[in-house]
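# Chains, contacts and geometry: an overview
Next come the chains, spelled out residue by residue.
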Amino acid sequence: MNNNFKNHKTFNNVFTPGKLSLGIFLPLQVYDNNIAIFNQHLKYIQQIDTSGFAALWVRDIPVYDPSFRDVGQVYDPLSYLAYIAGQTTNIALGTASIVLPLHHPISLAKTTASIDQLSNGRLLLGVGSGDRYAEFPAFNKSFERRGELFREVLQDMQALHTTDSPKINSSITQMQNLDLVPKPLHKHIPTLVTGASQQSLDWIATHADGWITYPGPTTTNEDTLHLEQKIKAFRDLIPNGTFKPHMTNEWIELDEDPHYPRTPLRGGFVLKTGRLGLIELLHKWQEIGVNHAAIGIQFGKRDIGETLDELAKEVLPYFNY
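Here the structure is a predicted model, which means the values were calculated and not measured.

This paragraph deals with the pairing of strand β2 (residues 55–58). Here β2 shows a buried face lined by Ala55 and Trp57 and a second buried face lined by Leu56 and Val58. One ladder, built from three bridges, connects strand β1 (residues 21–25) with β2; its direction is parallel. Across the sheet, Gly23 pairs through a bridge with Ala55, a residue of β2. Where β2 lies against strand β3 (residues 92–99), four bridges are found, and the strand directions are parallel. Residue pairing across strands places Leu56 opposite Leu93, the latter belonging to β3. What joins β2 to β3 is helix α4 (residues 77–85), and the crossover it makes is right-handed.

Let us now look at the pattern of salt bridges. Counting across every chain of the model gives 16 salt bridges. In this structure, Asp70 engages Arg59 in a salt bridge whose closest nitrogen and oxygen atoms are separated by 2.9 Å. Taken together, the residues span a long stretch of sequence, with Asp70 in the loop between β2 and α4 and Arg59 in the loop between β2 and α4 at a distance of eleven residues. Considered together, Asp70 and Arg59 belong to a single accessibility category, that of buried residues. Here Lys232 and Asp236 are joined by a salt bridge, their closest N and O atoms 2.8 Å apart. Here Lys232 and its partner Asp236 are both found in helix α9 (residues 225–237), four residues apart, which amounts to about one turn of the helix.

Calculation criteria
- Residues numbered from 1 in each chain as written.
- Predicted model: local features only at pLDDT ≥ 70, side-chain atom pairs only at ≥ 80, totals over all residues.
- Heavy atoms only, no water.
- Buried < 20%, exposed > 50% of the residue type's maximum accessible area, 1.4 Å probe, protein only.
- Helix = DSSP H or I, 4+ residues; strand = E, 2+ residues; numbered from the N terminus.
- Pairing = 2+ DSSP bridges.
- Right-handed = clockwise from strand over helix to strand, strands pointing away.
- Salt bridge = Lys/Arg side-chain N within 4 Å of Asp/Glu carboxyl O.

Below is the structure:
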């Protein structure tokens, strides 16, 4: 058990040793220059909240880069989670991930602590160093220094969350005889590092509360061998045998035929599968030590509500304990 979170209801609902929980990645549709469709998604978000899924996840994509053709969930991730917090009751609210070098620690600490308080402690904070080069000069930040900036922003933000009137003297933050109000509900927001974030695996195992990685190929059970090795290497480095969760994700096109075989699309970026193939994949992930899987359905061709309903009724029961 991670003693830092033994009384943290959300952390323990999403992350359990030896078990796998399921979440949903936003957006639920691909943005096509029509923001009105996203204003209609609240009913689906509330459906997810009441169906037993463990978490909702959003990404931090501050500016649109046409070379990526991806605007994320369109809205600012933290503003969106604040809105969703007021419209839901149960589900964890996760970022995967906030690009730390593009944020100032004080404003980020203030916003995240506020969301955590307003949501009754439901915020999970995935963080990363960023991989879209064009964003960094737009913010007048050094892409080459993003690993160092990542550590500084994280350290300063966590000092503001956990310490009363902290003295901070970093290259970003100069603070003395001042305090941050509010603090997070449990003083510390569970923070998971995404990918390498320009850090060593030993640093991640020591300083993060969990690790988010991409799964790699997902067509066959043998494809998970590399992921299994990564998770084992991570867990072998965690001090004192503390439980720190691993999370991964997959974008799927869920076919109506439950027997449709796992088939890679878009160069492997999307997995087309029937529910039986998805269940098999998720069981394999659980077996190798994945604790949470975030499923993205934005590339699917079926009705959103229908897809969510099938996932909730036919897949989720295998992983609700």
